[in-house]
Amino acid sequence: MAEQPIQVLLVEDNPADVRLLLEILKESSNRFEVTQVDRLDAAINHLTIASFDVILLDLTLPDSLGLDTFLKLHQRVSAMPIVVLTGLDDETLTLRAMQEGAQDYLVKGKVTGDLLARSLRYAIERQRSEQKIREQAALLDITTDAMLVRDLQHNIVFWNKGAERLYGWKSEEAIGQNVNQLLYRKPSSQLKEAVNTVLERGEWFGELNKITKSGQEVIVESRWTLVRDDAKRPKSILTVDTDITEKKQLEAQFFRAQRLESIGTLASGIAHDLNNILTPILAASQLLPLKLKNLDDRSQLLLQLLETNAKRGADLVKQVLSFTRGVDGRRMVLQTRHLIAEIEKILQETFPKSITVCTHIPKDLWTVSGDSTQLHQVLMNLCVNARDAMLSGGLLTISAHNQRLTENDARMNFEAQVGPYIVVSVADTGMGIPTSNLERIFEPFFTTKELGKGTGLGLSTVVGIVKSHGGFVTVTSQEGKGTEFKVFLPAVMVREPRSDTDPKLLKGAHSLILVVDDEATVRESTRIALESYEYQVLTANNGREAIDLYAKYSQDIRLVLLDLMMPLMDGPETIRVLKRMNPDVEIVAMSGLSSKGMIGAAAGAGVQRFLSKPFTVRELLGTLQEVALLNVNSDR
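For clarity, every value in this text was computed on a predicted model and none was experimentally measured.

Definitions and limits used
Residues numbered from 1 in each chain as written. Predicted model: local features only at pLDDT ≥ 70, side-chain atom pairs only at ≥ 80, totals over all residues. Heavy atoms only, no water. Helix = DSSP H or I, 4+ residues; strand = E, 2+ residues; numbered from the N terminus. Buried < 20%, exposed > 50% of the residue type's maximum accessible area, 1.4 Å probe, protein only. Contact = heavy atoms within 4.5 Å. Areas by Shrake-Rupley, 256 points an atom, 1.4 Å probe, with all protein chains shown as cover. Axes fitted to C-alpha atoms, helices over the stretch in contact; angles between N-to-C directions. Parallel < 35°, antiparallel > 145°, perpendicular 65-115°, else oblique. Left-handed = near helix turned anticlockwise from the far one by under 90°. Nonpolar A, V, L, I, M, F, W, Y, C, P; charged D, E, K, R; others polar. Patch = residues over 30% accessible without salt bridge, like charges linked within 9 Å, V, L, I, M, F, W, Y side chains within 5 Å. Salt bridge = Lys/Arg side-chain N within 4 Å of Asp/Glu carboxyl O. Phe/Tyr/Trp six-rings, centres within 6.5 Å; stacked < 30°, edge-to-face > 60°. Lys NZ or Arg CZ within 6 Å of the ring centre and 35° of its normal. Pairing = 2+ DSSP bridges. Core = buried A, V, L, I, M, F, W, Y, C linked by side-chain atoms within 4.5 Å. Polar contact = N/O pair within 3.5 Å; in protein donor to acceptor, adjacent residues only side chain to side chain.

Further remarks concern the overall build of the protein chain. Broken down by element type, the protein chain carries 21 helices and 24 strands. Taking all 636 residues of the protein chain together, 45% fall into the buried category. Taking contacts inside the protein chain between residues at least 6 apart in sequence as the whole, the part at least 24 apart equals 66%. Within the structure as shown, the protein chain displays about 33,600 Å² of accessible surface, and the carbon and sulfur contribution to it stands at 51%.

All right, on to the packing of helix α17 (residues 520-532) against helix α21 (residues 617-627) then. A pair of packed helices is captured by two measures, namely the crossing angle of their axes and the spacing between those axes. Orientation of α17 relative to α21, taken along the N-to-C sense of each, is 65°, at an axis distance of 11 Å. In terms of their interaxial angle, α17 and α21 are classed as roughly perpendicular. As α17 packs across α21, the resulting crossing turns out to be right-handed. Touching Thr526, Ala529 and Leu530 of α17 are Val617, Leu620, Leu621 and Leu624, all from α21. Of the residues contributing to the contact of α17 with α21, the split by class is six nonpolar, one polar and no charged.

On the surface, a nonpolar cluster with roughly 400 Å² of combined accessible area is contributed by Ile270, Leu274, Ile277, Ile281 and Leu306. Looking at the nonpolar patch element by element, the count peaks at four residues for helix α10 (residues 245-291).

Attention shifts here to the packing of aromatic side chains. Tallying each qualifying case throughout the model produces five aromatic pairs. Here Trp159 and Tyr167 contribute two aromatic rings whose centre-to-centre distance is 5.9 Å and whose plane-to-plane angle is 45°, an arrangement assigned as tilted. A connected cluster of aromatic rings, assembled from ring pairs, spans Tyr421, Phe472 and Phe488. We note Arg150 situated over the ring of Trp224; from NZ or CZ to the ring centre the distance is 4.4 Å.

With that settled, consider the pairing of strand β1 (residues 6-11). Among the six residues of β1, five are classified as buried, and the element is accordingly described as predominantly covered. When β1 meets strand β2 (residues 32-37), the two strands line up parallel, connected through six bridges. The residue of β2 that forms the bridge with Leu10 is Gln36. Pairing of β1 with strand β3 (residues 54-58) involves four bridges; the strand directions are parallel. Directly across from Leu9, in β3, lies its bridge partner Ile55.

Sheet architecture is open: five strands sit in the order β2-β1-β3-β6-β7, paired in parallel fashion. Looking at which strands have only one partner, the edges of the open sheet turn out to be β2 and β7 (104-107). Between one strand axis and the next, the sheet turns through 20° on average, direction left out of account. Contacts from helix α2 (residues 40-49) reach β1, β2 and β3 within the one sheet, and its direction differs from that of β2 by about 130°. Strand contacts of helix α3 (residues 67-76): β3 and β6 (82-86), with the helix running at about 155° to β3, the strand carrying the most contacts.

Moving on to the sheet that holds strand β22 (residues 557-563). Spatially, the five strands line up as an open sheet ordered β21-β20-β22-β23-β24, and their pairing is parallel. Every other strand in the sheet has two partners, leaving β21 (536-540) and β24 (609-612) as the edge strands with one partner each. Strand-to-strand twist of the sheet, defined as the mean angle between neighbouring strand axes without regard to direction, takes the value 20°. Two strands pair when backbone bridges link them, and strand β23 (residues 587-591) and β24 are joined in this way by four bridges, in the parallel orientation. Bridging across to β24, Val588 finds its partner in Arg609. This element, α17, spans β20 (512-516), β21 and β22 of the sheet and lies at about 170° to β21.

So, about the packing of α2 against α3. Between α2 and α3, whose axes approach to 11 Å, the crossing angle comes to 10°. Here α2 is positioned roughly parallel relative to α3, judged by the angle of their axes. Here Leu40, Ile44 and Leu47 of α2 lie close against α3, whose contacting residues are Thr69, Lys72, Leu73 and Arg76. Broken down by class, the residue content of the contact of α2 with α3 amounts to four nonpolar, one polar and two charged.

The subject of this paragraph is the nonpolar core. Counting 38 residues, the largest nonpolar core has Leu347, Leu382, Cys383, Leu396, Val424 and Phe485 as the members making the most contacts within it. Only α12 (336-350), β14 (355-360), α13 (372-388), β16 (394-405), β17 (419-428), α16 (458-468) and β19 (482-492) provide two or more residues apiece to this core. No other element matches the seven residues that α13 contributes to this core.

With respect to the helices and strands, the residue Ser64 is situated in strand β5 (residues 64-65). Judged by its relative accessible area of 5%, Ser64 falls in the buried class. Once residues lying within four places of it in the same chain are set aside, the contact partners of Ser64 are Leu40, Leu59, Thr69 and Lys72.

What follows concerns the environment of Gly215. Following the sequence through the fold, Gly215 ends up in the loop between β10 (203-211) and β11 (217-228). For Gly215, a relative accessible area of 35% translates into the label partly exposed. Sequence separation between Gly215 and Arg185 is 30 residues; the distance between their C-alpha atoms is 9.2 Å.

Before going further, it helps to spend a moment on helix α19 (residues 571-581). Every buried residue of α19 is accounted for by Gly571, Pro572, Thr574, Ile575, Val577, Leu578 and Lys579. Taking the backbone nitrogen of Glu573 as reference, a side-chain oxygen 3.0 Å away marks Asp570 as the first, capping residue of α19.

Below is the structure:
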């Protein structure tokens, strides 16, 4: 297939020069097709109706003179190559045209066929190369990645639009700057290693922490490539950075959740055993004063200390459980404005006068479904931490607002869901939390306080309780300026119900209760507690014994009080067998692990109530009374 001829627009008003140029082009090659005009306006008109590969332009025309001739034409057809024709004494003018964008120039009187042909072809190729470079540069600017080139002295020589978007500096601000001073707080051994690697191997890949123009730290996935010159000598380093800050934040949240879950699994087993140990201690401390009426004051004090410390131990176990699974207390619709008001009053009375407490709570704050005691504990823990961070005094601010989380918000925190939340903020002006500790502050038993001044369970308890309510916690802190915790709780759009008073405890009227537990101390303490309130009790130490006893005394047993975690035959299996024997059997389940899963398993098996160990005598009797199974004399 024959090559297409090169279309040339010749803009020349001198007839002699026109004839000479046409003759030279004809002799040099038959591939040139020339259209000639003698004025600038005629050239512009031709360019609107025809396409040309190159323009051969005389700068001195009847309707335009000098550099202005080139500029007018170049503004109209900046993408078309222009070769300038000039006289012997006009080379300075021609060089200025080259600086403004002309591809080449020829001096009249010195033009040969080969020179003219080469000049026109060179102009076309150069223009096409520059156009390709511009297109490639446009593609580099479209990419979301930050791309920059530095010389071997680490001075920036190229900076694309992606770099402007990520780092904040415009190209004109960045070019010429030392990259190590512009993008890093301080040089590190990792940077030195990266430079050495790219010079030795030609490439390097890794994650880097860099800073933006605003001082914000970003994490990037950085790819470095060594660029060489025509002699294969190292010339510069091309860097392509991908922003992975959000990805790393989500990964950190996920790994933290995994770490807490593994610790929680271990803690759950320990908590179960401790609750079984504390249950009989708590029961005995409450029953002994009833059995021994003539105890002296010292003995009564010792029993009171025993009960108090048993409850403290039970609370500590609940804290261990609550940081992973939450302690599932009684849920109701709550207005957190009331909780915050109560806490503000406590803080005003108990915190040092050097700490100013203020609250900002809107009147239209949405309600939540939750356990008031647990949420009270959440806010108190955060406030106590704030107090401890302000040893010399400061400002403690508790605020709340309504917020609807969007899909973008949910992407930023994998524990969040799209929908309405209330956000409670506890902010202080204290010492702040070091960055190195921020990822660990929610771990159980992690504390920076002196030995004996903190268990390290406060914040882990906060996370556990909030998580059990379907929410999540965020923290921001700056050393020397303060810390802010935000508690996000799913909102509900219903009215808050009135709370009921505690029911009066009634005696058992000799009703028969079957107590099933593999822990002998729990069985005995529970039996004594029930018998003290006129119940009759049968005990079994596993599910098989319970089945045998129920088969023998089914007509008399009014209720089965059964532990869910037992050897040989566990609680759920025992419940299923009992239900097959008597679908109407009344069952109260108990366990040292009061998780949602455990309560759900018990409910699914058909129990009426769940009793969490360790329980007080009042909680035990109140639960039996709630089931409403006892033959009680209403006049008693």
